[in-house]
Each structure stands twice: as C-alpha cells, then as structure tokens.
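Each chain is listed here by its residues.
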Amino acid sequence: MPLTVLTLRTADSLHELSCPIDASIDLGSSSECEIVLDGGAILPRHCVFRRVAEKRFRIQRAVPEAWFTVNGVYAPDLEVETPFQFSLGMEEIRFDLGVEGEEPPEQAEEASSAEEAGSDAPAEESQAVVRSNRRDYLLQPTAMKPRAGERVGEVIVESSPESAVALSSPVSVLEQAKAPEPAAADEAKHDEEESSSLLLTGLLVCGVMIAAIIYWNRHLDQVSSPPVAKVQVAVPERTHFTPEQIIRACEELRHAGAPLLAANLLMPLAEEGHVEAMQPLANALRASGEFGEEVVFLMQQAVVGGSRAALSDFVSVVDDADNPARYAESSFKQLQQAATLGEASAWMPLGERHEHGNGTVQDIKRALAAYEKAQADGDQRAEAKLSARQAALDRAAAFIRSWNEVSVATLLDHVAAAQGKFFMLDHPPMDALLRLEEEMRARWPLRRISVAAGAKAELENFDLIHVIQPFQFEVQRGDRTARGKGVLTCTVQRDEADKWRITDADDTIELTELLPKKEQFVSAASLRELKPAFTHEEQVEESRLEILRGMRGIEDTQDFKTALTVLMNAVYEFPQETFWKPFADTLCDRMARQLFADGKWLDAAWAEPVHQLSERGSVSAMLLEGHLLAAGYGFTRDEKRSTALYQKAFEAGKRRDARFYYAEALFQGRGVPQDIDKAGALVLSFMTRSKHPLEAYLAAHLLWRKAEINPALWQDVYDTLSRVTDKHPPAKNLAGMVLLNHGQTTKERKTGFAAIKAAAEEGVVEAMKTLANCYQEGIGSEKDFLTATTWKQKAAVTPPLRKKHYTEFEE
C-alpha cells in the first residue's frame, strides 16, 4: 500500500499527518503552519518539508535566520530519506512514513510489549492506550506521548505496586520524603535550608509536568474515549516556602529554560507587593517573549523600591528594541532616572537620545558629555562615537601636511567630490581646485608647512564636524622667503564609505618674516593669495609658465575654456608683449582640428576669445575665425569675411597653411568671384612638388585646368598626385582618372581603373560614381550592370569623407 502518512515522534508524543507525494508542509511557531512548535529558537515560519519521492523529503529553511539539523547535519537545504531525526535546539523529532490507518512500527512494538507484560491490567488501562489519528495538532516542547498504564485522575502512570502505593496516598509520600530517619535527623536539619530551594524547584517542575499531562490526556480523551473516574492528587502548597526561597527557585527555573513557569509563580508575589519579586518577574516575562510595558513597569517599581541590582536590567529593558516606547519622552526620563541613581550603562542610550532628539530636544553637547561618561565606564560604542571627533581632526591635519607634497594627486584623499567654498573659490569643480593647488605649488616651489597645537572640533552631528586647525609655514621662491602662522577652518564630513572628507575650507595667515624685504611680496590674508612681487620680466615669465600649465594636456581634451582663459589673461595683462602668440597659434590650431573632426563648434562662447586673439595678430586665430565664418559656427555665416581673414592671415605671416586656405577660397570662389589665375599664382610655383596632401591635391586641380588646354601637362598632373595618393584617398581617385582617361597604354588605363576602385573602397563618393560608370560602359573593365548598380546605390548612401585640417598632415 502507498505510504501516505507522515509520523512525527518526540520523546513523549506521537502524531500523524497526511503527506502524499509532492506535498508541502510548513513548520514554525505560527498557527498557520501545519506543524506548530513553541520555543525561542523557532521562527513563525521556520522551514518547509517537501515530499519529492516515495521515501524522500527535501527540507529547506523558510528564512535566512532559520537553522536546524537533520541526522546531526546542519544545512539550509538538503534531501533525506525516511526515517530521519530532525532537531531544533533541545527539541528532537523522528520523522517516518506509514500507511493511513495502520500503527507505526514503533507503536505496534510498544503495544505488543505492553500486552505481554500486563495482560491482567484493568480495562481502563488498555482503553487509555487507544488514540485516534490526529491531523490538526499543536506540538509543544514538553508534549508527552500517551503510554499504557493506569489512569489516576487525569494522569496515566505505569502500572506497578510502587506507583500504586504512591498514587493512593500522595500526601504520605510527600511527608515521607520530608521526614528523615531518626539517625539522620541532625544531618537533615543541617542541610534543610540548603536543599529547600532545590526541593521546591523539583516539586514545581513535577507539578507543571503533571498539569501538562492532565491537560493533554483530557484533550485526547475528549476526542477518543469516554471519561474515566477522577482521583484527586494532593500537591504541596506554596505557603510552605518563604518568598525568598520561591524567588531563588524561580531564578533557577528561568536559567534552566522555563521562564514562563517562573513568571507564573512570581506573579502572586509581585501582586502582593514584594519588591524583590518584581525584577525576577520582569526578567522571566522578557525571557519568555512576553515583552511589553509591564516589563518596564516592573523594573521601574523594583528600582523605585530601592533595588540597586535592578538598575542595569532597568536600562536594558527601557532601551530594548522591542520596547514600544523606546524613543518616547517617558523612556528618556527613565534613563535619566537610572543615570541619576548611578547606573553607568544609562549614559550610552542617553547620549543617543540627545544626539538624535528622541524624547528630548536634540543637543550634541549633551550627547557628547553622555558619551564621554559612557566611555569612562568602558563602553566600546561610546568609544566609536567619540572617535569621530578625532578622525575629523586627523583629516584636517593630514590635509595641511599634503600642502608640502609636490603632486596634487593626494588631494582627492582629503577633499569631497562635491565641495562648498574652498579658499577663494565657491563650489569649484575638482579640476579648478586642482589648478588652485598646482598654482600654489608652482608659486612656492619650496614649502615647509606643519600642524600647530590648539586644534578644536565642534560637532554639528557625529557625521559633520567643524574643525579649526592652526599651522605654521615657510615658503620660498628663489631668494624670497616668507614665514608665518595661520589657521585652517574647515568642515569635515563622513561619506557613505565611512571615510572622512573635507567639504569646505578657508585659511587666514599672519606673516612674521619676509626676506629679503617686504616690498618683494604681495600682502595677502590667505596662503594661496600670497605671491612674490615680481619685476616686469618676472611677471612675463610667471605668465608664460601659467599659460604652459593651462595648456597642459590640450591634445587629449575637448574643453578649451581653461586654456583660453589663461591665454586671454596674459593678453590683457601684457598688451604690448607678444610672448603669448606661439601659445595662441598652438591652441587655435588644436581647436581647428577639433572643429574639422567633429564638424561642429562645441561652445559658442569660445568664438569671442578667438576673435580677440585674431584682432591681436595671431595667424592661427585668423584662420580659425575664417573657418567659423565659412561654416556659420559661433558667428553668422559670412564667406566673404572668411576669405578676407584667410588673405589677412597669409599677408601677416606668409605661412603655408594660410596660403593654402586663401588659394583654395579663390579657386572655389567662396565669398568672392572665382579667380583661377590668382589662385594659380599662389599655388603652382610653390605646391606642384609638395608632399603635403592638401597642397598637392589643390595644385593638381589647377594643373588639370591647364592640361585640358595643353595635354602635355597630364603627366605633371599625375606626378603631382602620385606623391600623396597613399595619404589622401581623393588624390588617389584623381590620379586614377588621369590614367584612365589619358593613359597611353592598356596597362596605364587598368592601373587607373584599379586606383579609382581603391579610392571607392576607401569611401570617396566621386570614385564610387566613376567606378559605377566604368562598369556600366565597360571602361577599364568588362561591362557589369549588376556591379554598376551596386556602386551607384552605395554612392547614394555614403556620406562624403570628412574634410581634414591642414595641420593633420605631416609633409
């Protein structure tokens, strides 16, 4: 027959539960679970049993906090075959499978043994053994399995002459246990006081066990068998023991794992006003999971009643996470009460209330004072809180020491990514702050800056601290030396990674010595504003160095704002000087390359500085402004002004790139009437033998015009182009057309066709169109209409090659 019943056997009980294959059974302390267990270690939904095969179960924990062992092995998810032993703390359950309606093997063996051992037992005894199968049940840690025996009242005990005598006269048994033999009377009297507590504990445990057995059997009898006659059993009365003995016994019960039993026994004493019982009762209720306002009330009553031993527990229950009034004003006053009575453990939670304003007004100074008292008592949590102030002081000191370093790279270790005001900068981006630090280091190559005594920290909260840190300094440049002292005022904040970073900073300085004389320095209130008073030559050199620093890395960036700003500062500061022009030409050429590469102008605000540089004689700035006017970037499109600027640039410096752009504009007639002759005069005598791709390509176009009149010049056209075909695909296409149309041999025409095809494959749209016509007409190749169509379609969707700037090529 199929195994459809899951049997659960504990030390004292046996239960059955329907469990077909693929069934799922929840175990936990919640009443919604199929298997319900009580105990502090059992979660509301602890684990899940799934029957995955005929005799195989999969057991998984329901929540990460749950734990259990199966056959002595701990695992969060495992499979096991029946029978198996399941353990939760002190509770052990044996699981097996059986057939519905049949006795489990273990129960059948017990029944058989009972029949052989006591065939003459009364009918009531055998009747008590019969129990109906139960599906809806509640497993308790102290549940007892019904056993064959004799029923006395609501208790089933094993049939034996000794037990019969004990049950027939329970009072005499207790009296016999109390009365010692005459020969041992003196010794018993001597040990009576020491053993009374243990005796009471044992009797109380026995009483609870008896009560549990009575309740369990009464419940089973109601569903399985008719009631039987009851016999009253006398139980020793509590009045035989003093309150002190009861309290001591209940403490032992609580430590032994029976807090609820201890609480039930202590309740009458507390109700009678015994102060000594209130702390043990509160601890017992708390240990049993019955935490509530009554626990706090009982502890407070114990403290008010004069129990100094209850103070520590009083603080613990007031600050317990399960206390619903933990952050209320009443809890704050209770903690104050405990602290006033001398309980040192109250200072830490009092500090937290002051820090966060729970139950009182937020007051960081009071929180700090409370934490200091808690630290004096050895509280490690207070040590961690108070370490915040020292951590902030350490960060400010480390920041000052970093001013001695050559590199500014370590600045990121000290400063937050999002800053407030830093020295003379308000909310600067990180690159601006880095430049400020670099300028100070460049201005004063030799620096000796140290932290001075007298640092102070003021807490806004324990994650945001204001620091005042004195320092001393000596800075030197050449023969100039400045000495003095200063104060750094900064805010230090703890970030998400638990690192302390400075969010704003400022400093003031007081100069004590200036060498060789005061006039050689610019007076300043901040170290970063302190500068040497340079001569004109020194100022020019300083400006030149500043421009160099500002232009550092411009080849790797697309943001030219900083370099433009530094350059324009030099232009305005030294209008009569020209030292800045090479830097202006370099920067404008770089910006032009970026313009040609992107096909757009990234920031319209850059156009005005370019215009100012052009007005002041920078040839590259003139050319760049001409490009911008031709394209309409940063200015209104004006090709006439563009060509005029190209001419101005050429006439100002006779530079080759200016000659090229001016001649190109004349050849194409951009903004002016086309002037082939003038363009030829500028180009042909200078560029026909050039290896610069743009110059050779323009020269070839001008020669082409002449060769159409004088065919003897086609060879010159081809020679001019052949020098740059590897660098410039449009030149390769034009050279191929010369060979294809004017070649003297078949080989030359095939070479021309190959060059055109190569240029087309490199993305030259004109070459694609020419190649399509060659395939269609059979020029230089066999006719191929399909290939011709393919190249036509490709030419229609291919964008023109990006126009390259003159400086992108090296001759």
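In the block above lies the structure referred to throughout.
Notes on the structure in this doc start here.

Across its full length, the protein chain holds 30 helices and 22 strands. Within the protein chain, the fraction of its 811 residues that count as buried is 43%. At a minimum sequence separation of 6, the contacts of the protein chain that also span at least 24 residues come to 54%.

Bringing the packing of aromatic side chains into the picture now. What characterises a pair of aromatic rings is the spacing of the ring centres plus the angle enclosed by the ring planes. In total, this model carries 22 aromatic pairs according to the counting rule given. Ring plane angle 25° and centroid distance 5.0 Å describe the contact between F49 and F95, whose orientation is recorded as stacked. With F49 in strand β5 (residues 47–53) and F95 in strand β11 (residues 91–98), this residue pair connects regions lying 46 residues apart in the sequence. Directly above the aromatic system of F423 lies the positively charged group of R528, at a separation of 3.8 Å from the ring centroid. Against the face of F686 rests R659, its NZ or CZ located 3.7 Å from the ring centre.

As a packed pair, helix α26 (residues 714–722) and helix α27 (residues 729–742) sit with axes 9 Å apart at the nearest point and diverge in direction by 150°. Judged on the interaxial angle alone, α27 and α26 are roughly antiparallel. As for the relative orientation of α26 and α27, their crossing is left-handed in sense. Across the interface between the two elements, W714, V717, Y718 and L721 from α26 touch A731, L734, A735, V738, L739 and H742 from α27.

By the burial criterion, the buried members of α26 are W714, V717, T720 and L721. Projected onto a plane normal to the axis of α26, the buried residues spread over an arc of 125° and lie on a single side.

We now examine the sheet that holds strand β3 (residues 24–28). What the 5 strands build is an open sheet, ordered β4-β3-β5-β6-β9; its pairing is mixed. Across the chains shown, the open sheet's two edge strands, defined by having one partner strand only, are β4 (35–36) and β9 (77–81). Strand direction decides the pairing type here: β3 and β5, joined by 4 bridges, are antiparallel. Of the residues in β5, the one forming a bridge with D26 is V48.

Relative to the elements of secondary structure, S642 occurs in helix α22 (residues 639–653). Taking the relative accessible area as the measure of exposure, S642 reaches 1% and is therefore buried. With residues near it in sequence (within four places) discarded, S642 still touches G626, L629 and A630.

The next subject is the environment of A284. Within the element layout of this structure, A284 appears in helix α8 (residues 275–287). Of the residues examined, A284 reaches a relative accessible area of 0% and is grouped as buried. Expressed as a C-alpha distance, the spacing of A284 and L253, which sit 31 residues apart in the sequence, is 9.2 Å. Beyond its immediate chain neighbours, meaning those up to four positions away, A284 contacts R254, P259, A262 and A263.

This part is about helix α17 (residues 536–550). With 15 residues, α17 should reach 21 Å at 1.5 Å per residue; the first-to-last C-alpha distance of 21 Å fits that figure. If you follow the buried residues of α17, they end up packed against β18 (464–477), α18 (561–573) and α19 (581–598).

Our focus in this paragraph is unusual backbone geometry. Here T82 and P83 are connected by a cis peptide whose omega angle stands at -5°. Relative to the elements of secondary structure, P83 occurs in the loop between β9 and β10 (84–88). The omega torsion of the bond from L515 to P516 falls at 5°, within 30 degrees of zero and hence cis. You will see that F423, though not glycine, has its phi angle at about 55°, which is positive.

It is worth spelling out the pairing of strand β1 (residues 5–9) at this point. The buried count for β1 comes to 5 of 5 residues, which makes it a mostly enclosed element. Side chains V5, T7 and R9 project from β1 onto one buried face, and the interleaved L6 and L8 project onto a second face that is buried too. For β1 and β11, the ladder comprises 5 bridges, and the chain directions are antiparallel. Its bridge partner being in β11, V5 is matched across the sheet by G98. One ladder, built from 5 bridges, connects β1 with strand β2 (residues 14–18); its direction is antiparallel. Residue pairing for β2: V5 is matched across the bridge by S18. In this antiparallel pair of consecutive strands, β1 and β2, the connection spans 4 residues.

This brings us to the pattern of salt bridges. Any two side chains of opposite charge can pair if their charged atoms end up close together. Enumeration according to the criterion identifies 38 salt bridges in this entry. Across the salt bridge formed by R448 and E474, the nearest N and O atoms sit 2.2 Å from each other. One end of the pair, R448, is in strand β16 (residues 446–451); the other, E474, is in strand β18, with 26 residues separating them in the sequence. R655 is paired through a salt bridge with D585; the nearest N and O atoms lie 3.7 Å apart. Taken together, the positions of R655 in the loop between α22 and α23 (656–668) and D585 in helix α19 put the pair 70 residues apart, joining distant regions of the chain. Judged by its relative accessible area of 22%, R655 is partly exposed. Note on D585: relative accessible area 18%, which makes it buried. Each of D319, R326, E352 and R353 takes part in salt bridges that share partners, so that together they form one network.

Okay, the sheet that holds strand β8 (residues 73–74) next. Strand pairing in a sheet is mediated by backbone hydrogen bonds. Such pairs are either parallel or antiparallel. One open sheet accounts for 6 strands, arranged β2-β1-β11-β10-β7-β8; its pairing is antiparallel. Whereas interior strands pair on both sides, the edge strands pair on one side only; in this sheet they are β2 and β8.

What counts, and where the lines are drawn
- Residues numbered from 1 in each chain as written.
- Predicted model: local features only at pLDDT ≥ 70, side-chain atom pairs only at ≥ 80, totals over all residues.
- Heavy atoms only, no water.
- Helix = DSSP H or I, 4+ residues; strand = E, 2+ residues; numbered from the N terminus.
- Buried < 20%, exposed > 50% of the residue type's maximum accessible area, 1.4 Å probe, protein only.
- Contact = heavy atoms within 4.5 Å.
- Phe/Tyr/Trp six-rings, centres within 6.5 Å; stacked < 30°, edge-to-face > 60°.
- Lys NZ or Arg CZ within 6 Å of the ring centre and 35° of its normal.
- Axes fitted to C-alpha atoms, helices over the stretch in contact; angles between N-to-C directions.
- Parallel < 35°, antiparallel > 145°, perpendicular 65-115°, else oblique.
- Left-handed = near helix turned anticlockwise from the far one by under 90°.
- Arc of directions from axis to C-beta.
- Pairing = 2+ DSSP bridges.
- Expected span 1.5 Å × (residues − 1).
- Salt bridge = Lys/Arg side-chain N within 4 Å of Asp/Glu carboxyl O.

Geometry only, nothing functional implied.
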